[in-house]
Number of protein chains: 2
Amino acid sequence: MTSSSYHHGNLREALVGAAVDAARVGGPDGVALRELARTVGVSHSAAYRHFSHRDELLAAVAARGMAELVDAMQQRVDAVERVPTSDDVLRSRRRLIAVGQGYVAFALSEPGLFRCAFAAKDVALTAATDDPLVEPAANPYGLLSETLDGLVDVGFLSPEAREGAEMTCWAVVHGFAALHLDGPLGAVDVAARDETLEHVLAAIDRSYAASSGTPIRPEDDIFARG
Amino acid sequence: MTSSSYHHGNLREALVGAAVDAARVGGPDGVALRELARTVGVSHSAAYRHFSHRDELLAAVAARGMAELVDAMQQRVDAVERVPTSDDVLRSRRRLIAVGQGYVAFALSEPGLFRCAFAAKDVALTAATDDPLVEPAANPYGLLSETLDGLVDVGFLSPEAREGAEMTCWAVVHGFAALHLDGPLGAVDVAARDETLEHVLAAIDRSYAASSGTPIRPEDDIFARG
DNA sequence: GATCGATGTTGACACCGTCTACTTCGAGGA
DNA sequence: TCCTCGAAGTAGACGGTGTCAACATCGATC
């Protein structure tokens with residue numbers, strides 16, 4: 001709070017903030033300790049009073065990225081909640097679609113942060129959760145899990161097919177994002193990409209409908225566009 | 001061929017070979033030009049006579065990785081071919097499962113090379129295909145595409161659901177691999193992982209069955225284990 | 001047999017992460 | 001009130017990296 005120029009005051013948070021900014025631009029490789037120290041106005045190696053090595057800082061960035069990812073997904077789900085429907089099954093199906101769309105949308109709009117969120121070494125788990133800006137239970141898996149439980153509750157997803165369903169959904173959206181981010185699909189234009197994603201999500205929807213024998217009415221629009 | 005010690009003779013291929021070895025162990029980050037030069041017995045910066053920068057060498061490694069990936073997938077498909085069946089539909093379904101299993105198995109058994117195959121900057125396409133060890137048409141997409149065409153031919157996959165099917169399949173296996181490689185699922189043991197993969201692939205199979213209204217006989221074993 | 005371009009070398013530059021030894025400063029006890 | 005002691009920041013070094021420019025070598029070609 002004072003004008004003491006020798007001791008920064010809250011260097012740790014300043015570093016994490018600067019690291020997140022750098023990660024947004026350049027991904028994990030864009031995070032350089034010495035450069036961060038420069039932008040924060042502190043000597044190199046000052047970071048070592050707060051992080052034992054670079055990976056520990058990256059883990060903190062990863063936690064932030066995860067939190068933002070969950071936020072993006074949650075917002076999509078909330079948007080579904082605001083669309084009036086008396087059809088519980090349809091609403092639950094839309095929730096799952098929204099979760100997937102939110103995941104991919106975040107990955108493609110914040111590629112650097114998304115890469116960080118999954119590039120972190122396993123140092124993460126303990127150290128990074130001290131971040132006050134990251135609430136503990138915020139992870140994509142939990143949100144997805146709840147959504148799938150909802151699908152079982154309304155009878156759209158059979159209990160047998162429920163097994164392994166998290167993995168199917170997670171894998172398909174994560175793979176979709178990764179292939180467009182790093183893979184050979186980076187040059188695909190946005191419109192085509194979005195259309196393909198709808199095909200992909202529709203396939204999952206169809207699979208779960210089949211699991212319970214629920215017929216799908218083609219007139220039901222399960223996609224939240226925009 | 002001669003004993004000339006000044007000129008290496010086939011430095012380019014030697015470098016790519018050493019780079020592939022290094023990538024197997026340490027992934028893209030494990031490939032260091034200076035270290036490669038040392039192991040090949042040549043001065044640093046000699047590599048710059050054959051690659052304009054590091055990414056170009058990494059692209060060559062990526063091409064090798066892709067080729068090995070396709071090989072692994074093809075071998076699995078070939079194994080399906082050797083199992084006698086009069087049921088064309090079942091055989092086609094097994095082929096698709098095999099493609100997916102091959103993809104994941106390679107990713108998890110050669111994580112470094114797999115990461116390289118997808119970490120390459122877009123420099124790749126032109127420069128890397130000069131590699132004599134990489135046949136041009138070898139890419140996972142083509143193999144997958146043929147397999148899906150086969151599913152349409154036997155009437156298991158509807159033409160409408162065929163659209164975007166490559167992406168669904170590719171995304172699900174790629175995401176599965178990526179999550180176990182870098183993501184938070186790295187610590188999952190092998191048995192659980194394989195079982196989950198079967199659930200995931202079964203969901204895809206179910207989706208495609210539903211697309212054509214083909215009933216699934218539970219007694220049909222679509223998985224090639226081992 | 002001389003030449004010339006492809007290939008390899010040497011040395012430099014600017015980065016990077018990490019370690020050790022030193023300095024500063026503020027909080028808390030005498 | 002003063003003093004100490006530990007937390008936080010600094011300075012400098014080491015070895016590693018990619019990349020570039022200037023120089024050396026050697027074999028094919030005229």
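Residues numbered from 1 in each chain as written. Chains lettered and ligands numbered in written order. Predicted model: local features only at pLDDT ≥ 70, side-chain atom pairs only at ≥ 80, totals over all residues. Heavy atoms only, no water.

1. Some words on the relation of the copies chain A and chain B
Applicable threshold: The superposition of copies rests on a least-squares fit of C-alpha positions from residues with pLDDT of 70 or more in both. Residue contacts follow a heavy-atom distance rule, with two residues in contact if any of their heavy atoms lie within 4.5 Å.
Of the two same-sequence chains, chain A is brought onto chain B (RMSD 0.1 Å, axial shift 0.0 Å) by a rotation of 180 degrees. Considering both components of the superposition, the chain copies are consistent with a two-fold axis. The overlap is high: 100% of the interface residues of chain A also sit at the interface in chain B, so the same surface is used on both sides.

2. A look at the confidence of the model for chain A
What counts is decided by this rule: Residue-level confidence of the predictor, termed pLDDT, takes values from 0 up to 100.
Summarising the model, chain A shows a mean pLDDT of 91, and 90% of its residues fall at 70 or more. Note on residues 123-128 of chain A: pLDDT is under 50 here. Beyond four places in sequence and across chains, it has 8 contacts.

3. A closer look at the packing of aromatic side chains
All names here are of chain A. Short version of the rule: The criterion for an aromatic pair is that two Phe, Tyr or Trp rings (for Trp, the six-membered ring) have centres within 6.5 Å, with stacked assigned to planes under 30 degrees apart, edge-to-face to planes over 60 apart and tilted to the rest. Only DSSP runs of H or I reaching four residues or more are called helices, and only runs of E reaching two or more are called strands; each is numbered from the N terminus. Burial classes follow relative accessibility: with a 1.4 Å probe on protein chains only, a residue under 20% of its type's maximum area counts as buried, one over 50% as exposed, and anything between as partly exposed.
Across all of its chains, the model carries 6 aromatic pairs over all chains by this definition. Judged by centre distance (5.7 Å) and plane angle (85 degrees), the ring pair of Tyr-103 and Phe-114 falls under edge-to-face. Of the two residues, Tyr-103 is situated in helix α4 (residues 88-109) and Phe-114 in helix α5 (residues 111-119); the sequence distance between them amounts to 11 residues. Summarising the burial analysis for this pair, Tyr-103 and Phe-114 share the class buried. Taken together, the ring pairs connect Tyr-103, Phe-114 and Phe-118 into an aromatic cluster.

4. Things to note about the interface of chain A and chain B
Convention followed: In this description, buried area is defined as the sum, over both parts, of the accessible area (probe of 1.4 Å) that is lost when the two are combined. The term salt bridge refers to a pairing of a side-chain nitrogen on Lys or Arg with a carboxyl oxygen on Asp or Glu at a separation within 4 Å. In protein, a polar contact requires one atom able to donate a hydrogen and another able to accept it; more generally it is a pair of N or O atoms within 3.5 Å, and residues adjacent in sequence count only if both atoms are side-chain atoms.
With 29 residues of chain A at the interface, the matching set in chain B holds 30 residues. Of the roughly 2400 Å² buried at the junction of chain A and chain B (both faces included), carbon and sulfur atoms supply 75%. Contact with chain B buries surface across chain A, with Met-167, Leu-179 and Arg-206 of chain A losing the most and accounting together for 23% of the total. Run the count over chain A and chain B and you get 0 salt bridges. Across the chain A-chain B interface, the total number found is 4 residue pairs in polar contact (both at pLDDT 80 or more). Counting only elements with at least two residues in the side of chain A that touches chain B, the list comes to α9 (165-181) and α10 (190-212) of chain A. In terms of residue count, α9 of chain A provides more of the side of chain A that touches chain B than any other element does, 11 residues in total.

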